[in-house]
Amino acid sequence: MNTSTNNSYTFFGFPERIDARQRFLPYALLLAVTFALYATTLYFNFVWDDIAYIERNYRIHGLSPARLWAVWTSTYMGHYAPIQHTFLAILHSFSGLEALGYHLGQLLVHAGCVCLLYFILKKLEAPRIALLASLLFAVHPANIETVAWISETKSTLAFFFFLLSFWFFIRLRERERWSDGILCSLLFILSLLAKINTIVAPAIFLLYDYKQGFSFKKSRVGSLGWFFLMSAIFTAVHLSVFYTSQDTLETTYYGGFGLHLQNFPQLVLFYICMVVFPHPLSAWQMAVIYEDFNWVLGVGWCAMLGIFWLLYRSNRSIQFWGLWFFVFLAPVLQIVPFPIWIADRYLYIPAIGMFVLGSKLFFLVGDRFAKLWQRLGWEMVMGAVLLAFAWHTQNHLPVWSNNLTLWAATTQTCMTSAYCHNNLGLALAIERLGGIQVSERGEYIRIIMVELTRLVNHVAVTGFLLNDMGASGTPLLYAFREREKILDLFEMASGSRMMCNYIRPGGVREELPPQFLERARELVHRFPRFLDEYERLLTNNEIIKQRTQQVGILPKALAVNASITGPMLRATGVNYDIRKVDGYSIYP
């Protein structure tokens, strides 16, 4: 079938029809889409680590020799990224502590990455594939975290310099001029000095040679050896800086290398799913980590082997882009110790490999359609995908406008992390900082939920204590009988029994259902009788007394120094109840 004839009727094929005077049209389209999506970030505030990187980072508060010396000769927050801090210092000289200038700088760098990506993809693939993959990169929702968060200027800068370095590497292979090799090396170093995640660039250069079918001449092997040497040096420096002690390494590398390798497919499949279906987006993603090998991991490893088998059976172009995805993910797949297992921002560069593969598949199918209406219908499908991604990006982007919106949204999607899910405490902190007033009814509903949670915990711990002392099963189930009734109330109010996630900054997620208060009153009237029964069974039980009295005594001083709270603290004789000492919500 004549592909060029097909392209004369398609939108995505227009880059192959334009003449030299119109060659800037694809770039104009990409810039228009990028700025249309992310222009609202210019009105966003500093969020999360931005405070540390900008407001508290004295080194970027000017371009004096002393401050620049501090930027280039020291680390900050465990990283050596002088290019990022120099860039922030330049922005500070124009914008001071106003967020507008920093967001504008970040948006311009990201827009530059979009255009550079299209420019380089045109050298590697057909222009229509380059355009579609670049559009997917521009609109994909997983990039929100990188573009809207000023702290991630390190990622956009690193990618920008990598793309320039890759361009000069391509020129080096085409023209074999030493000047291109020097520029490639310098830009690669600048990329690494922005963020270490492009440390795998030499592997991409090697794969490019493989994709193009170049023979391994002495000069080519020598240049690749030089790039791999630079990568090894920067890796050693980065690891020595970030992991300053063996204790730091051990606390960061939870479970050791074996556990991380065992869960490798889980992480890869998470990112593949996020490229195809980017939901839920969250500032703090959580991964399910299995300490013991099970059928889930077995299926994951089978899927991974299947993916690599397909790549092995594919042509070199598909292998290149598939391995692009894996190679750029490698630094964040827990092969190298890092405390954050998964994050949306880790897809910023790797996802491009998936975008190119998806674009190639799209045109492979589209070129099989002989009729115009079929081709137009197929393009409308891709148009719908792009619009869906763009809508999701536009809809989720306001989450990053300030800390209040960011963490209010994060607590809804991050169900298992204490970091972002100290529900009531976070809500109170945000309300105090933002001067938000909660209605009296909202406060009472909160305290009802909080006190019910307290009952759930005390009932459960009593049952587990008896189970641990040898009373197998029966007392625990007896305790869980009342616990389940409280969890019924949680499910009625929030839809979830355990991680109910009901409290929000400003109040609660929604009004209580009509039958909730009636069921709660019944529980409150019944519960004292349950406590009386439990007390008759346990308080004077000789076996319990023999196994608990004078065992594991906790002195007052140790309890205070260890920050013990609640009933355990009061049992030592310290009369301290946070609800009375520092009354919050409706507590006096």
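Small disclaimer: the values here were computed from a predicted structure and weren't measured. (Residues numbered from 1 in each chain as written. Predicted model: local features only at pLDDT ≥ 70, side-chain atom pairs only at ≥ 80, totals over all residues. Heavy atoms only, no water.)

**Focus: the overall build of the chain**
- Helix and strand content of the chain: 28 helices and two strands.
- For the C-alpha atoms alone, the extent of the chain along its principal axes is close to 90 × 65 × 50 Å.
- A separation of at least 24 residues holds for 73% of the contacts in the chain among residues at least 6 apart in sequence.
- Carbon and sulfur atoms make up 64% of the accessible area of the chain, which amounts to about 29,100 Å² in all.
- Taking the average place of the 47 positive charges on the side chains of the chain and the average place of its 39 negative ones, the gap between the two points comes to 9 Å. (Helix = DSSP H or I, 4+ residues; strand = E, 2+ residues; numbered from the N terminus. Contact = heavy atoms within 4.5 Å. Areas by Shrake-Rupley, 256 points an atom, 1.4 Å probe, with all protein chains shown as cover. Lys, Arg positive; Asp, Glu negative; His and termini not counted. Charge placed at Lys NZ, Arg CZ, Asp CG, Glu CD.)

**Re the packing of aromatic side chains**
- Going through the model one piece at a time under the given rule, you end up with 40 aromatic pairs.
- Ring centres of Phe270 and Tyr271 lie 5.2 Å apart, and the angle between their planes is 75°; this geometry places the pair in the edge-to-face category.
- A relative accessible area of 0% places Tyr271 in the buried class.
- The interplanar angle of 10° and the centroid separation of 5.4 Å between the aromatic rings of Phe362 and Trp378 together place this pair among those described as stacked. Of this pair, Phe362 sits in helix 18 (residues 351-366) while Trp378 sits in helix 19 (residues 372-396), and the two are 16 residues apart along the sequence. (Phe/Tyr/Trp six-rings, centres within 6.5 Å; stacked < 30°, edge-to-face > 60°. Buried < 20%, exposed > 50% of the residue type's maximum accessible area, 1.4 Å probe, protein only.)

**Things to note about helix 2 (residues 25-38)**
- Helix length check: helix 2, at 14 residues, gives a terminal C-alpha distance of 20 Å against a target of 20 Å (1.5 Å per residue), a fit within 8%.
- The inward-facing, buried residues of helix 2 abut helix 6 (99-124), helix 7 (127-139), helix 8 (144-148) and helix 19. (Expected span 1.5 Å × (residues − 1).)

**So, the pattern of salt bridges**
- A complete count under the given rule lists 17 salt bridges for this structure.
- With a closest N to O distance of 2.3 Å, Arg345 and Glu145 form a salt bridge. Taken as a pair, Arg345 in the loop between helix 17 (316-329) and helix 18 and Glu145 in helix 8 lie far apart in primary sequence, 200 residues in all.
- Salt-bridge contacts for Arg171 lead to Asp180; the nearest nitrogen and oxygen are separated by 3.4 Å.
- What you see here is one network of salt bridges that share partners, running through Glu145, Glu152, Lys154, Lys195 and Arg345. (Salt bridge = Lys/Arg side-chain N within 4 Å of Asp/Glu carboxyl O.)

**A closer look at the confidence of the model for the chain**
- Within the chain, residue pLDDT values average 85, and 91% of them lie at 70 or more.
- Within the model, pLDDT remains below 50 along residues 245-251, and this stretch shows four contacts once partners closer than five positions in the same chain are excluded. (pLDDT = per-residue confidence, 0-100.)

**A look at the packing of helix 15 (residues 264-276) against helix 16 (residues 295-313)**
- At a minimum axis distance of 8 Å, the contact between helix 15 and helix 16 shows a crossing angle of 65°. As for the relative orientation of helix 15 and helix 16, their crossing is left-handed in sense. Every residue of helix 16 that contacts helix 15 at Phe264, Pro265, Gln266, Val268, Leu269 and Ile272 is listed here: Val296, Leu297, Gly300, Trp301, Ala303, Met304 and Ile307.
- Taken together, the residues of the contact of helix 15 with helix 16 break down into eleven nonpolar, two polar and no charged. (Axes fitted to C-alpha atoms, helices over the stretch in contact; angles between N-to-C directions. Left-handed = near helix turned anticlockwise from the far one by under 90°. Nonpolar A, V, L, I, M, F, W, Y, C, P; charged D, E, K, R; others polar.)

**Quick look at the environment of Thr40**
- Mapped onto the elements of the fold, Thr40 is located in the loop between helix 2 and helix 3 (50-55).
- For Thr40, a relative accessible area of 33% gives the class partly exposed.
- Here the alpha-carbon distance between Thr40 and Pro398, two residues 358 residues apart in the chain, equals 8.1 Å.
- Once you skip the residues sitting within four places of it in the chain, Thr40 turns out to touch Gln394 and Leu397.

**Side note on the packing of helix 2 against helix 19**
- At a minimum axis distance of 9 Å, the contact between helix 2 and helix 19 shows a crossing angle of 35°. Mapping the contact onto sequence places Ala36, Leu37 and Tyr38 in helix 2 and Ala390, Thr393 and Gln394 in helix 19.
- Grouping the constituent residues of the contact of helix 2 with helix 19 by class yields four nonpolar, two polar and no charged.

**Side note on the side chain of His392**
- Positionally, His392 belongs in helix 19.
- Ignoring any residue separated from it by four or fewer positions in sequence, one finds His392 in contact with Pro141, Ile144, Pro278, His279 and Leu281.

**As for helix 10 (residues 178-194)**
- Taking 1.5 Å of rise per residue, 17 residues should cover 24 Å, and helix 10 covers 25 Å from first to last C-alpha, within 8% of that figure.
- Inspection of helix 10 places Asp180, Gly181, Cys184, Ser185, Leu187, Phe188, Ser191, Leu192, Leu193 and Ala194 among the buried residues, and these make up the whole buried set.

**Comments concerning the state of the cysteines**
- The tally for this structure, following the rule as stated, stands at zero disulfides.
- Here Cys115 stays free of any disulfide, with the sulfur of Cys113 as its closest cysteine sulfur at 9.6 Å.
- We classify Cys115 as buried; its relative accessible area is 14%. (Disulfide = S-S within 2.5 Å.)

**Brief notes about the nonpolar core**
- The biggest cluster of nonpolar side chains holds 123 residues, and the ones touching the most others in it are Phe159, Phe162, Phe166, Trp324 and Trp400.
- In contact with Phe159, not counting residues within four places along its chain, are Cys113, Leu117, Phe137, Tyr348, Ile349 and Ile352.
- One finds Leu466, Ala479, Phe530 and Ile544 within the second-largest nonpolar core, a separate group that totals 24 residues. (Core = buried A, V, L, I, M, F, W, Y, C linked by side-chain atoms within 4.5 Å.)

**Concerning the side chain of Ser282**
- If you trace the backbone, Ser282 turns up in the loop between helix 15 and helix 16.
- Judged by its relative accessible area of 6%, Ser282 is buried.
- Among the polar contacts made by the side chain of Ser282, one reaches the main-chain amide nitrogen of Trp284 at a distance of 3.2 Å. (Polar contact = N/O pair within 3.5 Å; in protein donor to acceptor, adjacent residues only side chain to side chain.)

**Section: a nonpolar patch on the surface**
- Residues Trp178, Ile182, Leu183 and Leu186 make up a contiguous nonpolar surface patch of about 440 Å² in total accessible area.
- Checked against the element boundaries, Ile182 lands in helix 10.
- The class for Ile182 is partly exposed, based on a relative accessible area of 42%. (Patch = residues over 30% accessible without salt bridge, like charges linked within 9 Å, V, L, I, M, F, W, Y side chains within 5 Å.)

**Thoughts on the environment of Ile54**
- Residue placement: Ile54 occurs in helix 3.
- Residue Ile54 is classed as buried on the basis of its relative accessible area of 1%.
- Here the alpha-carbon distance between Ile54 and Ser179, two residues 125 residues apart in the chain, equals 37 Å.
- Ile54 has contacts with Phe46, Ile60, His61, Leu97, Tyr102 and Ile150, leaving out every residue within four places of it along the chain.

**Some details on unusual backbone geometry**
- Cis geometry is adopted by the peptide bond preceding Pro280, which originates at His279 and carries an omega value of 0°.
- Structurally, Pro280 is set in the loop between helix 15 and helix 16.
- With a phi close to 55°, Glu176 is a non-glycine residue in the positive phi region.
- When you line up the elements, Glu176 lands in the loop between helix 9 (153-175) and helix 10.
- Phi angles above zero are rare outside glycine, and Gln550 is one such case at about 60°.
- You can see Gln550 is positioned in the loop between helix 25 (542-548) and helix 26 (556-561).

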